[in-house]
Amino acid sequence: MSSTDNKESVLPARRRARAGEGIGVLLLRRLRDGIITLLLVVAVIFVLAHVVGDPALVFSPVDASDEEVERIARAFGLDRPFWERFGSYFADIFTGDFGESWWQNRPALAAVAEALPNTIYLTLAGIAGAALTGIVGGVFAGSRPGSLFDRGSNFFSISALSVPNFWLGLLFIVIFSVQLGWFPTSGMFGVSSIVLPALTIAVVHGGRVFQLVRSATVEEMSKPYVRVARSKGFPHRMVLWRHVLRNTGLTTATIAGWEYVRLWGGAVFAIEWVFAWPGIGTLTINAAERQDFFVLQAAVIIAGVFVIVSNLVVDLLYRVIDNRIKSS
Amino acid sequence: MSALLEVKDLSVSFETRGGVVRAVDGLSFSLGAGESLGIVGESGSGKTVSSLSILRLFGLFDDVSVSGKILFEGRDLLRVSEAELSRIRGGKIGMVFQDPLTSLNPVMPVGEQVAESIRFHTGASRPQAHRRAVEMLDRVGIPDANKRCEELPHSFSGGMRQRVMVAIALACEPKLLIADEPTTALDVTVQAQVLLLLDELRREMGIALIMITHDFGVVAATADRVLVMYAAQPMEHCSIHHLFQRANHPYTEGLLRLVPRFEHQVHGRLHPIEGQPPALTEEIVGCPFAPRCSFTLDRCKQERPPLFRIGPDHESACWLAAERAERETLPDKPWKAV
Ligand SMILES: Nc1ncnc2c1ncn2[C@@H]1O[C@H](COP(=O)(O)OP(=O)(O)O)[C@@H](O)[C@H]1O
Ligand SMILES: [Mg+2]
């Protein structure tokens, strides 16, 4: 055998460098990016509150007189120079001091900590439903493009993802709670209360997962190796399971992961509000209505941390599994 | 000898946004067991579509209609059931495709890609199939096959991957191997090695071959007979000997003239003749080559010439040839396989 037969390298140089990079290095780099993002979020909140707006007004009750506002400004040290305020703000935040909620009479962080698990519970239940319907439907539809199932489910998913989530939530409340009386209209009482908000998430986000998984499957099905698998005589089902899903499995799981992150990016908060679900979204809106600046700020920062962390986890899991597959 | 494969008046067309594309138009040929046929033609002349038709391997999005007959061991492959077809694909007919870099599943070890086919068609156990896969990989010249069978395709070169493809196609000892430009994507030195390997193995195993190519060198090295295609239609069909000694069709002659000193140049590619092939979306009246031909008769522009028998082992779709043949009044001997 001549040596020329073996000379071509297959991975582009950059991919090879990346593939050789340890997970530890990757983790550190992504952690650094995450921390920078978080610092920016915190800084932007400060700038919005202290430079764009007048913090003394924000911190005061709505009906406060001018003297009261001035007293509050002094009490919060707002007469100090900008950089001093900026510094102590950062120091407070990163030592976990998010200020006091004057609406709830307890540390703002405590209010957020109470709401956070409820939001996690709801998002996980919702994304499980979305992933199940979206992935199963997307794979079946994408593996037989143009079939009756494909056209039907495609139409349904496009309708699902074009409906505003709060509207769909209200529709569910009207049908299933008010008309049929199957589920409570709002709040969090026992298992039955999570059904409708989770279903709302499952439908809207399942529609998106479906679209992405379907197109990933369609793309994979038109690759040459699929024709080779068919040329071996394998029936459709076997081509799909043995070959296509081995290649799209990871992408598919990642699609669900990113959708979870997206959910935290805002969609879940509107749904919480519609169903009066006692999570971070509802807390944020209530705090805004009551001018409870510290709770508002804590909720936004903690939600930001959560988005950054879930981003990091999805990304790392993807790399770890990808490396395992590539080197197995 | 009854033919192993008999293609009768095969036509394939695709419904596309730009209109109906006639990709194959009235193709007929037959192939005896162990025989080899080269199909030559410029890019776009319908070679790939012809070969895909045999195993009905059209794409998932193709809106395709096929007519004619493809008789394999007497059964019409265009009409057999899915289950029957499933046994034939990869079992009795193996196929090697053009691009070795994308033809293998990137996340499955190469040994498994050979073994799975053996397991499916012979019902061999996992270890049995694995052992035979390693033997096969060894036979196609993968060094250290025992170890390398656990590796993924990306650690193999293009030439090595094409060898793996050959191993897959031959794993179940088929009766027929279809190779669609198996060396076009490879380096020149590697091309010759892979061709030699293919030819050697198929002779050893007594497998019939359809070698699709646009390269006369490849035909010369591997085929007993050749079918020249142009614009979805067969132009000339003759033994490899006749092709180089007395090609009849002006298109074939044109192609050969443009391969300089071809006897010495194994890798002479086809050079384009002046003008363009007709668009396959429009109906072709008369001979498709007429607009580019220097011997065009009035008849050529009006009537499509069928494949005329112009001598033993020789057919040509040309009105000129037909006139000559009529004058000489050939005895009507049946087609003799070479
Ligand atoms: N799936 C398809 N859909 C529409 N047209 C096609 C398809 N496959 C091939 N064709 C057309 O059929 C003709 C013959 O193609 P092909 O058999 O691939 O040529 P060759 O292999 O000789 O280069 C070309 O004009 C090509 O554009
Ligand atoms: Mg081709």
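Residues numbered from 1 in each chain as written. Chains lettered and ligands numbered in written order. Predicted model: local features only at pLDDT ≥ 70, side-chain atom pairs only at ≥ 80, totals over all residues. Heavy atoms only, no water.

Novice: Before we move on, can you summarise the overall build of chain A with the specific residues and values?
Specialist: Looking only at helices and strands, chain A features 13 helices and two strands. Long-range contacts, defined as pairs at least 24 residues apart, comprise 75% of the intrachain contacts of chain A with a sequence gap of at least 6. Carbon together with sulfur atoms contributes 67% to the accessible area of chain A, which is approximately 16,800 Å² in total. (Helix = DSSP H or I, 4+ residues; strand = E, 2+ residues; numbered from the N terminus. Contact = heavy atoms within 4.5 Å. Areas by Shrake-Rupley, 256 points an atom, 1.4 Å probe, with all protein chains shown as cover.)

Novice: Hey, could you go over the environment of Leu195(B) for me, with residue numbers and the actual values?
Specialist: Residues and elements named next belong to chain B. Among the secondary structure elements, Leu195 is positioned in helix α8 (residues 188-205). Classification of Leu195 by relative accessible area gives buried; the value is 7%. Taking C-alpha positions, Leu195 is 7.6 Å from Val218, a pair spaced 23 residues apart along the chain. Discounting residues that sit within four places of it in the chain, Leu195 has contacts with Thr183, Met211, Val218 and Thr222. (Buried < 20%, exposed > 50% of the residue type's maximum accessible area, 1.4 Å probe, protein only.)

Novice: Residues and numbers for the side chain of Thr248(A), please.
Specialist: Within the secondary structure, Thr248(A) is located in helix α11 (residues 236-274). By relative accessible area, Thr248(A) is classed as buried at 2%.

Novice: Go over the sheet that holds strand β3 (residues 36-40) of chain B with me, naming the residues and quoting the values.
Specialist: All names here are of chain B. If you trace the eight strands from one edge of the open sheet to the other, you get β6-β7-β8-β3-β9-β10-β12-β11, paired in mixed fashion. Only two strands of the sheet have a single partner each, and these edge strands are β6 (93-96) and β11 (308-311). On average, each strand axis in the sheet is tilted by 20 degrees relative to the strand beside it, whichever way the strands run. Pairing between β11 and strand β12 (residues 314-316): three bridges, direction antiparallel. (Pairing = 2+ DSSP bridges. Axes fitted to C-alpha atoms, helices over the stretch in contact; angles between N-to-C directions.)

Novice: I'd like a rundown of the pairing of strand β9 (residues 225-230) of chain B, residues and numbers included.
Specialist: Residues and elements named next belong to chain B. Within β9, six of the six residues are buried, which leaves it mostly tucked inside the rest of the structure. For β3 and β9, the ladder comprises four bridges, and the chain directions are parallel. Each residue of the ladder has a partner; that of Leu37, found in β9, is Arg225. Note that β9 and strand β10 (residues 233-239) share six bridges and pair antiparallel. Note that in β10 the partner of Tyr230 across the bridge is Gln233.

Novice: Describe the interface of chain A and chain B, and please don't skip the residues or the numbers.
Specialist: Between chain A and chain B, the residue contacts involve 30 residues of the former and 43 residues of the latter. Buried surface at the junction of chain A and chain B, summed over both partners, amounts to about 3,200 Å²; 55% is from carbon and sulfur atoms. Run the count over chain A and chain B and you get three salt bridges. Notably, a salt bridge pairs Glu112(B) with Arg242(A), separated by 2.4 Å at the nearest N-O pair. Where chain A packs against chain B, one counts 14 residue pairs in polar contact (both at pLDDT 80 or more). Broken down by secondary-structure element, the contributors of at least two residues to the side of chain A that touches chain B are α9 (192-221), α10 (224-231), α11 and α13 (293-327) of chain A. Per-element tally for the side of chain A that touches chain B: the top contributor is α10(A), with six residues. Tallied by class, residues from the side of chain A that touches chain B come to twelve nonpolar, nine polar and nine charged. (Buried area = accessible area lost by both parts, 1.4 Å probe. Salt bridge = Lys/Arg side-chain N within 4 Å of Asp/Glu carboxyl O. Polar contact = N/O pair within 3.5 Å; in protein donor to acceptor, adjacent residues only side chain to side chain. Nonpolar A, V, L, I, M, F, W, Y, C, P; charged D, E, K, R; others polar.)

Novice: Report on the domain arrangement of chain B, specifying residues and quantitative values.
Specialist: All names here are of chain B. Once the domains are mapped, chain B shows domain 1 (5-223) and domain 2 (230-325). Its C-alpha centre places domain 1 at a distance of 27 Å from the equivalent point of domain 2. Facing the 28 residues of domain 1 at the interface are 25 residues of domain 2. Broken down residue by residue, the surface that domain 1 buries against domain 2 is led by Asp25, Glu42 and Phe216, which jointly contribute 33%. Here domain 1 is connected to domain 2 by two salt bridges. Of all the secondary-structure elements, those providing two or more residues to the side of domain 1 that touches domain 2 are β2 (19-31), β3, α8 and α9 (216-222). (Domains from an automatic or database assignment.)

Novice: How would you summarise a nonpolar patch on the surface if you had to cite specific residues and measurements?
Specialist: A cluster of nonpolar side chains, contributed by Phe166(A), Trp167(A), Leu170(A), Leu171(A), Val174(A), Ile175(A), Leu180(A) and Trp182(A), occupies part of the molecular surface with about 760 Å² of accessible area. By the element assignment, Phe166(A) lies in helix α8 (residues 165-179). (Patch = residues over 30% accessible without salt bridge, like charges linked within 9 Å, V, L, I, M, F, W, Y side chains within 5 Å.)

Novice: So what's going on with the packing of α9(A) against α11(A)? Residues and values would help.
Specialist: Residues and elements named next belong to chain A. Remark: α9 packs on α11, axes separated minimally by 8 Å, with the N-to-C direction vectors making an angle of 145 degrees. Read as a crossing pair, α9 and α11 show a hand that is right-handed. Here the contact of α9 with α11 is composed, by residue class, of 14 nonpolar, seven polar and four charged. (Left-handed = near helix turned anticlockwise from the far one by under 90°.)

Novice: Tell me about the pattern of salt bridges, and please be specific about residues and values.
Specialist: The final tally for this structure, using the stated rule, is 31 salt bridges over all chains. For the salt bridge of Asp33(A) with Arg32(A), the shortest nitrogen-to-oxygen distance reads 3.1 Å. The exposure class of Asp33(A) is partly exposed, given its relative accessible area of 28%. Since its relative accessible area comes to 47%, Arg32(A) is described here as partly exposed. Between Glu84(B) and Arg87(B) there is a salt bridge whose closest N-O contact spans 3.0 Å. Of this pair, Glu84(B) and Arg87(B) both sit in helix α2 (residues 82-88), separated by three residues, roughly a single helical turn. Looking at Arg87(B), the relative accessible area reads 53%, which means it is exposed.

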